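Residue strings, one per chain:
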Amino acid sequence: DDEMPAVSVFVFALLLLVGKSLAADPSTFNVEWLDVTPEPGTNRAGQSTVQGGMPVGNGDVALLVFPQVEAGAVSVWVSKQDALASDTALFKLGQLQLTVRPNPFSLGSYFNQSLDLATATVFVEAGGSNHSDYAWSFSVWVNALSNQVHMSATPGPGLSAADALSSETELRLIALHPTDGGFNYTSKFDCSGPAFSPPDVIPDSLPVPLSGDKLLIYHRNRGVGEGRETEFFGNTMRQQGLASIIEDVPNFVANRTFGMVVTAGPGFSRKNSTLLSGSGSAEFVASILCEQTDTLEEWLEHVKTLLPDQAQPSTARATHEEWWSEFWNRSWVEIASQPLLSQQYAITRFVQAIQSRVAFGKEGYPIKFNGMLFVANRPGNRSSYAEGQGPDYRDWGANNWWQNTRLPYWSMLPAGDTDTMLVLFEYYLRMLPFTSRRTEIYFNHTGVFFTETKTVYGLYAQVDYGCDRDASWPLALENNPYLKLDFGGDAGGTEIVMMIFEYFLYTGDETFLRRYMPVVDAVLDFFSKHYPARDAQGKMEIFPTQSLETYWCGAVTSSGWIEPTLDNCPLNDHPTTAALYALTEKALALPEHVTTADQRAQWRYLRDMLPPLPLIEEDGLLTTSPMANYPKDATLHNSETPELYSVHPFRLYTLARNITTGVNLEAPVNCATLSNRTTCKNFNCNDGWCQGVLNAALLGLTDIAANMVTLRAAIPPAAGYRFQGFAPHEQDYEPSADHYANMNSGVNWMLLQPADDGFDKGTMVLFPAWPCNWSVSFKLNGPLNTTVEGVYESASNSSGTLTSFTVTPASRKSAVLFARCITNPAF
């Protein structure tokens, strides 16, 4: 393989004008490559990749756009967040290849591939000698307001008259899941046998009314009983002792069809089932749909309603650009002395937005932590697919892992991106009927629980549950010791409730709160009933449990099930205990008219029963403790810091709370900075999902937080990828979703922290962990629909001045407190 080119170096214009905010000018952070990316790339595992792809999307449909220089083409891989194959794996919809002849890349030395953040468009200019005389320009974008992909090729000022006269343009549709050879698309993380997915289909004869100059590709999962691939769902239910409710649980993959219809402008004709051809300038539109329909014909009828209005192309572009203008005006952070961090912050926000947006109440699926929608492994041969390779392969398979999935969503509310969070809430709401039934079957009480790894249904991952389980093991428990007894830490239920409360704190949206209150109620109901044992003081004993993946309960061994004891299993693990304190505090602070008297009574009972938050004096230091019975059986199995979950995500200890309520930060700060305990030292981990940067920002550890965010920004892209917003594999799979996401959250909370003093007060603290020698222009969102915008100019290492400062609405200015740096707080 050719050597990977250096990450693009952008010309960094002055970020901060004295006394003036740049007010959402994302073009400063555009990514521009003036040299062709060598292909193919090679990822960490040695798989061949498309190295030179740039991402665009609209939140639902996402594209990887890359030039194919030898072919004279620009290609697009099309993905969609709900394009789920038979085993719930994400499948790409296909490839669009736009080719120009004569080859524009051979008509001169000039090359420019750029991502324009302001309009979410990838441009490729080729031929000629510079930007003023290029031969051809390609553009690719996804309409922000409809699932339509726009691709165009336009002659440039440098195209000779002879080349213009002889030019040919074609759009070819390419299946990424071959139609020949009986390909078996499998996930190595399933154990019920291969989940066969049929190949993509490109009809030779398009069904009426899609005849004419159009191309069609689709992938359809068969219905229940029509093929063995749909048995993935039934097999998983039966494996986990839930056969009695199979008919009561919606099958999300049966009869799911996803695909696209490609149309062209005037002068182009369909040559065969895969090719549209013409001459000169060209614009193509791919209309995309994913639905569960009883028949293919029904899906085809729906697709035809999405075809573009050829008379209104300029209107579509105008409304698209208006949407992105509003997006970039929601927030920004531009740090004069940290150009790379500022750029990575903007790019990360963009990458999250283009793959995590769905209309209120509509089906959606959260960002895949292990590759997002941008896995770029090249299609292989038959054997490579059978081994789990190919363009949709990702380590850890099709399931969602909460430890990783959650992290991009914490950065969204401060950025004002409320719409991109709804996907996550809908995902949990959709699982609620099934998980409620499962709790009753497994534990004979009400409420819901989740586990860290789960399918889109909420089921355990097959491998985690155990392919060859011992019959003596309790039906409810997974075989995987990293996960089996964690219901309150990495499991997801408690943290999704925290996020629901956070969304309501920021927006005050009672319609939202009422929609998702069933999730809040069911999670807290579970914990009110699941741990009936009481200690000598009458407090709940959270047992058996574990402290994240790091401290296990040794109750399942290779020899079978062993009854848990306080010598082999944690008591009152820190994450669950912290979660229940935070959630009951917030639940009881909700407006009474959106809750019931019975709910409030249950929440008060639960709060009254909670054991003390685990603390311990160790080596002369008071620190937070991973569990009440630490150091019993303190064998470590991962590199987490469970004793700091009371900082993030449950925010019992933050500098903002210290300023407003006087909460003592001694124990968590000692753990983070002074303790010799291994899990406290894990605070220093600063890659992937490690949340030391979040804890440092929330605790006001300014120097540590600043160092961590700058180091994260400087991490180069993943092996096999050039785009700098695609983070390395780390603990997940490339491109990783959480490495840069944690960087963004760290920056947000260094600048502005909620004080968690109630849904009615919504106090926030400015500059709680901000380096006073970092000048910054910023606009962030805070509690109660408040925006805080300003320009801070550093005067020294310890102080500076706000040259502009606006709180909207103005009535909320008194809710903004200053932590440090400011010499003119009366501004």
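Anyway, here's the lowdown on the structure attached to this text. A quick note: this is a predicted structure, and the numbers were derived from the prediction, not measured.

The rules behind the values
- Residues numbered from 1 in each chain as written.
- Predicted model: local features only at pLDDT ≥ 70, side-chain atom pairs only at ≥ 80, totals over all residues.
- Heavy atoms only, no water.
- Helix = DSSP H or I, 4+ residues; strand = E, 2+ residues; numbered from the N terminus.
- Rg over C-alpha atoms; globule rule 2.2 N^0.38 Å.
- Buried < 20%, exposed > 50% of the residue type's maximum accessible area, 1.4 Å probe, protein only.
- Contact = heavy atoms within 4.5 Å.
- Expected span 1.5 Å × (residues − 1).
- Phe/Tyr/Trp six-rings, centres within 6.5 Å; stacked < 30°, edge-to-face > 60°.
- Pairing = 2+ DSSP bridges.
- Axes fitted to C-alpha atoms, helices over the stretch in contact; angles between N-to-C directions.
- Disulfide = S-S within 2.5 Å.
- Parallel < 35°, antiparallel > 145°, perpendicular 65-115°, else oblique.
- Left-handed = near helix turned anticlockwise from the far one by under 90°.
- Salt bridge = Lys/Arg side-chain N within 4 Å of Asp/Glu carboxyl O.
- Arc of directions from axis to C-beta.

1. Overview of the overall build of the protein chain
Looking only at helices and strands, the protein chain has 21 helices and 30 strands in total. Here the protein chain has a C-alpha radius of gyration of 27 Å; the compact-globule value for 827 residues is 28 Å, and the two agree. Principal-axis analysis of the C-alpha atoms gives the protein chain an extent of 90 × 70 × 50 Å. Of all 827 residues assigned to the protein chain, the portion counted as buried reaches 64%. Summarising the internal contacts of the protein chain: among those between residues at least 6 apart in sequence, 69% fall at separations of at least 24.

2. Re helix H12 (residues 493-507)
Taking 1.5 Å of rise per residue, 15 residues should cover 21 Å, and H12 covers 21 Å from first to last C-alpha, within 8% of that figure. Most of H12 sits inside the fold, with 15 of its 15 residues counted as buried. Of the residues flanking the end of H12, it is Gly508, one or two places downstream, whose phi is positive at about 65 degrees.

3. Some thoughts on the packing of aromatic side chains
To describe a pair of aromatic rings, one takes the distance between the centres and the angle between the planes. Following the criterion strictly, the structure yields 50 aromatic pairs and no others. Summarising the aromatic geometry, the rings of Phe527 and Tyr531 are spaced 6.4 Å apart at their centres and angled 25 degrees between planes, so their arrangement reads as stacked. You can call Tyr531 buried: its relative accessible area is 2%. Ring geometry for Tyr551 against Tyr630: centres 6.1 Å apart, planes inclined by 85 degrees, an arrangement best described as edge-to-face. Separated by 79 residues along the polypeptide, Tyr551 in the loop between helix H13 (510-530) and strand S21 (556-557) and Tyr630 in the loop between strand S24 (621-624) and helix H16 (655-661) bring together distant segments of the chain.

4. With respect to the sheet that holds strand S9 (residues 121-126)
For sheets, the rule is that strands pair by backbone hydrogen bonds, running either parallel or antiparallel. Sheet architecture is open: 8 strands sit in the order S1-S8-S9-S10-S11-S17-S14-S13, paired in antiparallel fashion. One side of each edge strand has no neighbouring strand; the edge strands of this open sheet are strand S1 (31-33) and strand S13 (214-220). Neighbour to neighbour, the strand axes of the sheet diverge by 10 degrees on average, direction disregarded. Bridge analysis of S9 against strand S10 (residues 136-142) gives 6 bridges, and the strand direction is antiparallel. Bridge pairing in S10 places Ala126 opposite Trp136.

5. Notes on the sheet that holds strand S12 (residues 168-174)
Across the sheet, 7 strands lie side by side as S4-S5-S6-S7-S12-S16-S15; this open sheet has antiparallel pairing. Sheet topology places strand S4 (54-57) and strand S15 (269-272) at the edges, where each strand pairs with a single neighbour. Averaged over all pairs of adjacent strands, the angle between their axes in this sheet comes to 25 degrees, without regard to strand direction. Note that strand S5 (residues 61-68) and strand S6 (residues 73-80) share 8 bridges and pair antiparallel. Pairing of Leu64 across the sheet is with Trp77, part of S6.

6. A closer look at the state of the cysteines
Under the definition given, this model contains 4 disulfides. The residue that forms a disulfide with Cys553 is Cys569, at a sulfur-sulfur distance of 2.2 Å. Here Cys553 and Cys569 share a disulfide; its torsion about the S-S bond, -115 degrees, makes the bridge left-handed. With Cys553 in the loop between H13 and S21 and Cys569 in the loop between strand S22 (560-561) and helix H14 (574-588), this pair connects stretches of sequence that are 16 residues apart. Of the two residues examined, Cys553 and Cys569, each falls in the buried class. Between the sulfur atoms of Cys772 and its disulfide mate Cys821 the distance is 2.1 Å. The S-S bond linking Cys772 to Cys821 shows a torsion near -90 degrees; that makes this disulfide left-handed. Note that Cys772 is positioned in the loop between strand S26 (764-766) and strand S27 (776-782) and Cys821 in the segment after strand S30 (816-818), a separation of 49 residues in sequence.

7. What about the packing of H13 against helix H15 (residues 597-609)?
Two elements in contact, H13 and H15, have axes whose closest approach is 10 Å; the angle formed by their N-to-C orientations is 45 degrees. With respect to H15, the axis of H13 lies oblique. Taken as a pair, H13 and H15 cross one another with a handedness that is left-handed. Taking contact as the criterion, the partners of Met517, Val520, Asp521, Leu524, Asp525, Phe527, Ser528 and Lys529 in H13 are, on H15, Gln599, Gln602, Trp603, Tyr605 and Leu606.

8. Section: the pattern of salt bridges
Counted under the stated rule, the structure contains 27 salt bridges. The shortest N-O distance in the salt bridge between Lys92 and Asp392 comes to 3.9 Å. Of this pair, Lys92 sits in the loop between S6 and strand S7 (94-101) while Asp392 sits in the loop between helix H6 (382-386) and strand S19 (400-401), and the two are 300 residues apart along the sequence. As far as the burial class goes, Lys92 and Asp392 line up, both buried. Note that Arg657 and Glu585 form a salt bridge whose closest N and O atoms lie 3.1 Å from each other. Of the two residues, Arg657 sits in helix H16 while Glu585 sits in helix H14, which places them 72 residues apart along the sequence.

9. A few points about helix H20 (residues 702-714)
With 13 residues, H20 should reach 18 Å at 1.5 Å per residue; the first-to-last C-alpha distance of 18 Å fits that figure. Those residues of H20 that sit buried are Thr702, Ala705, Ala706, Met708, Val709, Arg712 and Ala713. Down the axis of H20, the buried set is contained in an arc of 165 degrees. They therefore lie on one face. Where H20 is buried, its residues contact helix H5 (339-353), helix H19 (692-698) and helix H21 (739-751).

10. Regarding the pairing of strand S14 (residues 256-264)
Burial of S14 is extensive: 9 of the 9 residues sit out of reach of the surface. Residues Arg256, Phe258, Met260, Val262 and Ala264 point to one face of S14 and Thr257, Gly259, Val261 and Thr263 to the other, with burial holding for every one of them. Both S13 and S14 contribute to a ladder of 7 bridges, which runs antiparallel. Its bridge partner lying in S14, His219 is registered against Phe258. Note: S14 against strand S17 (residues 282-292), 9 bridges, orientation antiparallel. Opposite Met260, over in S17, you have Ile288 as the bridge partner.

Just distances and angles here, no functional claims.
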